[in-house]
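Letter by letter, the chains look like this.
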Amino acid sequence: MTSSPEERRRIRVTGVVQGVGFRPFVHRQAGALGLAGWVANDEHGVVVEAQGPPAVLDELERRLRAEAPARAAVTGVSSVGVDRVSGTDAFTIRASSHDDDDAAGAVVVGADLAVCRACLAEVDDPRDRRSGYPFTNCTECGPRFTIVRAAPYDRATTTMAGFTMCPACRREYEDPADRRFHAQPNACPECGPRLAYESPPGRVEHGGPAALEAAGAALRAGAVLGVKGIGGYHLAVDAGDAEAVARLRSRKRRDDKPFAVVVADVEAARSLVELDDEAAAALVGPAAPIVVAPRRPDAAVAPGVAPGLPELGVLLAYTPLHHLLLAAVGRPLVLTSANVTDEPIVHRDDDARERLASLVDGLVTHDRPIHVACEDSVVRAAPWGLQVLRRGRGLAPEPRSLGAAATATAAAPPLLAVGAELKSTVSLASAGRVVTSPHLGDLEHLAAHRAFTVAVDHLCELFRVTPGLVAHDAHPEYLSTKWALDSGLATIAVQHHHAHVVSCLVDHDRPGPVLGVAFDGLGYGDDGDLWGGELLVADRHRARRVAHLLPVPLAGGSAAIREPWRMAVSWVSVALEPHTARSVASALDPRGADLLALCGGPDRPAPPSFPRTTSVGRLLDAVAALLGVRAVVRYEGQAAIELEAAARRVPRSSAPAYPVEWHRSPGGPVVLDPRPLVAAVVAERAAGVPVPMIAAGVHEGLGRAAAERAVALARAEGLAEVVLTGGVFQNVRLTEVVAAGVEAAGLTVLRHRTVPPNDGGISVGQAAVAVARAQPVPSGPHRPTR
């Protein structure tokens, strides 16, 4: 070290810097630069005091920004001078500080990380002391978010606190040259968690390596097992055993919804699905999500794994336990959340023994507690790139910047956004960034509502945030809205589709305004109708409705969501002459004619007994029912998903485009009128045109019409960007048609990438709108109004 001049600085590092090997990284860099001082975790993130020549300290700060560990996400590096100068040459890692009361929202605990190659090599090496050990981890991998009880992230504040490290593990933990230097979940067979196989649940049959052998034998024999992972229990069966898959479906009460398949490596994944380089990289990356990709015709899985669908979800073994279990079975496994459909994943051991007793033949479990549940993340390998459909293990709760638009309110009080009703998430916004919970489920289920309240409390405690404002959906009957209004805090309502559009703006770090095309199932509109086919001029402050789908009755209320034939009756009531409509309605269901009489007709308003809806999702449901694809659904979106699957059998170049008209309502927005499209569907079906061709014509006609109106309205408003958002834009075919039309006109299309386009992204949009409304409203001719 240069002897003079010297100074001492306190350096503050924020972001995802705890649980990712950041302190060991700082220790190594300071040692290499010959600096004295120390590094510690605290409630803000990581704090460093370093002493040396100014130029060398500058270099340390540069390295902290530019050369941080791969799993870290540094959001800020700042420093101040310290008056005292120490005479020591040592650089140490200090115990964490817990005494800062001004740390709201500063700490970000990292997401759980998939097992790294180095740890797998030890697990597979019979000479290594961790050979066959299911809980091997290091600073590059292993549990983080799901085991931490409080910040800062230290072993004492995790569920590993009850496991005292043996001398060998302690030496690794204290050795700056070891990759387990300050790895908080560090463990081995001598001192760490232990595996057990219970059959039936509650009775331990085997422990240790024998547990894996027994579980593998049971799976090979067709058993359904519960397997405790990082964020909760999964149900597992042999993916090639049709009878076992059928048993799993029957017990889980999941008749048709596709299952994911876990495989040993990328080569095994490629034998099941078609993967480009980006999708393959996601599979092997630290998040290790489920990747939904085109299914290979010769995929060696039972037909019941993903019945009737052209895609399959695959994931790699993301823990040593899954890796060892796959090796014991010797073939791919179905791996699905251990729950009843749409409820949260089971994660507590006693709860698993009780709730899974009727679902499984045995449990593969262990004694490391899971503090908070976390579902697997799901991404789709779309033609335009990867798109996150569900944020969970590996992705949540990592922070996201709210962008330059939020800098003016970075010091504003923190706020909580509570999302929608389905695919629930909650988000905390503070200091110009937002942290979002993992997927929580559908709040209509009691267990999911409990998970929602737990997630709110856990995020607020973990990130030391006390929100002063709650942003919620405008729907008065959503349970999240009721929770917000009962919270005792100030509230702000954000219209559902405005939140959708803004969630995509956050995804792309754009302020707006844009022309937002928001197509989904249902969302409460400003006029009291149930919207879902909206074109909005929107920025982060406000939204103005400039076009929408023709409103029709939601025939039977919420029953129409579960029974698409009801929406088919609703649409034929306005699209066909009465005699033909009655004939079609009667053919759809024995109750069809009676329902038709309640729906009114082309010249009669929607009856007050049925709410009106402009939903594109419900229109696609209606078409699926008219074509005989799906009259009653067993999971959300099933009818539209299967309709898309039929359409994708026909190349776009061969598809017709059924007509969608448009007109401007008096003094109001443009109305997209698909009555000619519905009439064409009925006529083509009667003429014997193949269902895939009709399905392709629906996607082509609707997509082209949406693109044409979006382009015209964007140009009229002077806008250059078009956002495609809402759950309907999980439909690859429709997204391709709309995007192609918009891009052909020279406009930019913004699709979701890392924020889900479905309601899982609503809380992000709500948070961004609430933050923006704390700022002055931007001026300009295209400022949206509401």
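Every chain's residues receive numbers from 1 upward, in the order its sequence appears when written. Reporting in this predicted model follows two pLDDT cut-offs: at least 70 for local features of residues, and 80 or more for side-chain atom pairs to be given and counted; totals over whole chains, interfaces and linings ignore these cut-offs and use all residues. Side-chain figures throughout are based on the complete set of non-hydrogen atoms in the structure, without hydrogens or water.

**Student:** Could you give an account of the sheet that holds strand E18 (residues 400–401), with specific residues and numbers?
**Tutor:** A pair of strands is treated as paired once DSSP finds two or more bridges between them. A run of H or I in DSSP becomes a helix once it reaches four residues, and a run of E becomes a strand once it reaches two; helices and strands are each numbered from the N terminus. Strand order in the open sheet formed by 6 strands is E18-E21-E20-E19-E22-E23, with mixed pairing between adjacent strands. Every interior strand has two partners, whereas the edge strands, E18 and strand E23 (490–494), have only one. Both strand E22 (residues 469–473) and E23 contribute to a ladder of 5 bridges, which runs parallel. Its bridge partner being in E23, Asp-473 is matched across the sheet by Val-494.

**Student:** Account for the confidence of the model for the protein chain, naming residues and giving values.
**Tutor:** Overall, the prediction assigns the protein chain a mean pLDDT of 91, with 94% of residues at 70 or greater. Contacts for the low-pLDDT stretch residues 100–105, under 50 throughout, to residues beyond four places or in other chains number 18 contacts. Predicted confidence is poor over residues 780–786, with pLDDT under 50, and the contacts of this stretch with residues over four places away or in other chains come to 24 contacts. Along the chain, pLDDT gives the predictor's confidence residue by residue, from 0 to 100. By the convention used here, residues are in contact when the closest approach between their heavy atoms is within 4.5 Å.

**Student:** Can you explain the side chain of His-458? Please cite residues and give values.
**Tutor:** Mapped onto the secondary structure, His-458 falls in helix H11 (residues 446–462). Relative accessibility thresholds used throughout: buried, under 20% of the residue-type maximum; exposed, over 50%; partly exposed, between the two (1.4 Å probe, protein chains only). A residue is classified by how much of its surface remains accessible, and His-458, at 7% relative accessible area, is buried. For His-458, the contacting residues outside a window of four places in its chain are Phe-145, Val-148, His-371 and Val-372.

**Student:** Explain helix H2 (residues 54–66) to me, and be specific about the residues and the numbers.
**Tutor:** Three or four residues apart is the spacing at which side chains of an α-helix point the same way, because the helix has 3.6 residues per turn. The span expected for a helix works out to 1.5 Å for each residue beyond the first. The end-to-end C-alpha distance of H2 is 18 Å, a good match for the 18 Å that 13 residues give at a rise of 1.5 Å each. Taken together, the buried residues of H2 touch strand E1 (7–18), helix H1 (22–33), strand E3 (46–52) and strand E4 (73–82).

**Student:** So what's going on with the environment of Arg-649? Residues and values would help.
**Tutor:** Summarising the element assignment, Arg-649 is placed in the loop between helix H19 (638–647) and strand E29 (661–664). Under the relative-accessibility criterion, Arg-649 is labelled exposed at 58%. Taking the C-alpha atoms as reference points, Arg-649 and Val-691, 42 residues apart in sequence, are found 10.0 Å from one another.

**Student:** Just give me the short version of empty space enclosed by the protein, but keep the residues and values in it.
**Tutor:** Over the atoms, a rolling probe the size of a water molecule traces out where space has been left empty. Only protein atoms enter the calculation, which uses a 1 Å grid: trapped sets of points that fit a 1.4 Å probe without letting it out are cavities, open sets showing protein on both sides within 12 Å along at least five of seven lines are pockets, and any residue with an atom within 4 Å of a point is a lining residue. Grid points are joined across faces, edges and corners, and a volume is the space filled by probe spheres set on the points. Applying the stated criterion across every chain, the model contains 5 cavities of 30 Å³ or more. Following the grouping adopted for this structure description, the nonpolar residues are Ala, Val, Leu, Ile, Met, Phe, Trp, Tyr, Cys and Pro, the charged ones are Asp, Glu, Lys and Arg, and the polar ones are all others, Gly among them. In terms of residue class, the lining of the largest cavity is made up of 11 nonpolar, 6 polar and 2 charged. Taken together, 17 residues form the lining of the second largest cavity, with Gly-19, Val-20, Gly-21, Arg-23 and His-182 sitting closest to its centre. Listed by contribution, the elements that provide at least two residues to the lining of the second largest cavity are E1 and H1. No other element matches H1, which puts 3 residues into the lining of the second largest cavity. Across the lining of the second largest cavity, the residue classes break down as 8 nonpolar, 7 polar and 2 charged.

**Student:** Can you explain the packing of aromatic side chains? Please cite residues and give values.
**Tutor:** Aromatic contacts are taken between Phe, Tyr and Trp rings whose centres are within 6.5 Å, Trp giving its six-membered ring; a plane angle under 30 degrees counts as stacked, one over 60 as edge-to-face, and the others as tilted. If you walk through the whole model with that rule in mind, you get 4 aromatic pairs. On the numbers, 5.4 Å between centres and 65° between planes, the contact of Phe-22 with Phe-25 is edge-to-face. Note that Phe-22 and Phe-25 are positioned in helix H1 at a spacing of 3 residues, about one turn of the helix. Here the two residues Phe-22 and Phe-25 agree in accessibility, since each one is buried. Geometrically, the ring pair formed by Phe-519 and Phe-729 is stacked, given 5.4 Å between the ring centres and 15° between the ring planes. Here Phe-519, found in strand E24 (residues 514–524), pairs with Phe-729, found in the loop between strand E31 (721–725) and helix H22 (732–744); they are 210 residues apart in sequence, far enough to count as distant. For Phe-519, a relative accessible area of 1% gives the class buried. In this arrangement the basic side chain of Arg-249 is found over the ring face of Phe-259, its NZ or CZ atom lying 4.1 Å from the centre. It is Arg-393 that lies over the ring of Tyr-318; its NZ or CZ is 3.5 Å from the centre. A ring is scored as having a charge over it whenever the NZ atom of a lysine or the CZ atom of an arginine sits within 6 Å of its centre and within 35 degrees of its normal.

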